[in-house]
Amino acid sequence: MGRATAELLADRGATVAILDLPGSQGKEVTDSLVGGATFHPCDITDEAGTDEALQAVVRDHGGMHVAVNTAGGGVSKRIIGKDGPLPLAEFRKLIELNLIGTFNLNRLQAWHMSKNEPDEDGERGVLINTSSIAAFEGQIGQVAYTAAKAGIAGMSLTMARDLGGLGIRVLAIAPSLFATGLLEAASDELISTLTKDAAFPKRAGRPQEYAWLVEAIVRNPMLNGQTIRLDGGQRFAPR
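Presented here is a report on the structure given in the accompanying data block. Quick caveat: nothing in here was measured; it's all calculated off a predicted structure.

Ranked by internal contacts, the top residues of the largest apolar core, which has 23 residues, are Leu99, Met113, Leu127, Leu163, Ile168 and Val170. In contact with Leu163, not counting residues within four places along its chain, are Ala110, Leu127, Ile168 and Val170. Residues Leu9, Val16, Phe39 and Leu223 belong to the second largest nonpolar core, which totals 21 residues.

Following this line, the structure appears as structure tokens:
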């Protein structure tokens, strides 16, 4: 979803900076983009390293106006398993990656955006985070992931209120199952099973559909302080 968004925004004339893990395809993607895109190796669980990467973005491009945060992930594990309760360290790790990592990006990105000259409507920037429909109906084994994604959704309005006086908008996108990561190679049969409860379309979301919503958010200043579901009408069943 991050790659599709970077490609779309670059095609629309934005100058793009990609932050991703050093061993990722971030440099490869950056080299394929138009408009002077740059790559900045970054682990969002590294507070100082993330700060340095964002400072490099501002040095290279002269400012930061749109931030799309898609980093995250998780594993499925029940609260009580055969070997005992879910290790607290594993819960903390998922919260650190998904929720604290996102907030750390937001606080630093907002600081850089606050220094922008406002446009004719007074806007200085927009923060777009990635939640999940698991934030609202998490499945069995998703308690840590659900807590983190619910936290991202829950921050949207409060952060929008905090930053509204500076002309900075804050939103979150809550996707359902998308054809990214492990699902990219999933069989049609598995995808059909996983999306059978969707209203329409009954398929995995496509990365470009996430990117289209990002573009709509950036273009429409009345979108603020909310979490937008991107799910084809799907509601997760318990399992």
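Read on for the rest.
What follows covers the pattern of salt bridges. One pass over the full model with this rule turns up 12 salt bridges. Measuring nitrogen to oxygen at the nearest pair gives 3.1 Å for the salt bridge that ties Glu7 to Arg3. With Glu7 and Arg3 both in helix H1 (residues 2-11) and 4 residues apart, this pair spans about one turn of that helix. A relative accessible area of 39% means that Arg3 is categorised as partly exposed. Across the salt bridge formed by Arg219 and Glu215, the nearest N and O atoms sit 3.2 Å from each other. Residue Arg219 and its partner Glu215 are located together in helix H8 (residues 207-219), separated by 4 residues, close to a single helical turn. Using a relative accessible area of 61% as the deciding quantity, one classes Arg219 as exposed. Among the residues examined, Glu215 registers a relative accessible area of 12% and is labelled buried.

So, how was this worked out
- Residues numbered from 1 in each chain as written.
- Predicted model: local features only at pLDDT ≥ 70, side-chain atom pairs only at ≥ 80, totals over all residues.
- Heavy atoms only, no water.
- Core = buried A, V, L, I, M, F, W, Y, C linked by side-chain atoms within 4.5 Å.
- Buried < 20%, exposed > 50% of the residue type's maximum accessible area, 1.4 Å probe, protein only.
- Contact = heavy atoms within 4.5 Å.
- Salt bridge = Lys/Arg side-chain N within 4 Å of Asp/Glu carboxyl O.
- Helix = DSSP H or I, 4+ residues; strand = E, 2+ residues; numbered from the N terminus.

Worth remembering: the numbers are spatial, not functional.
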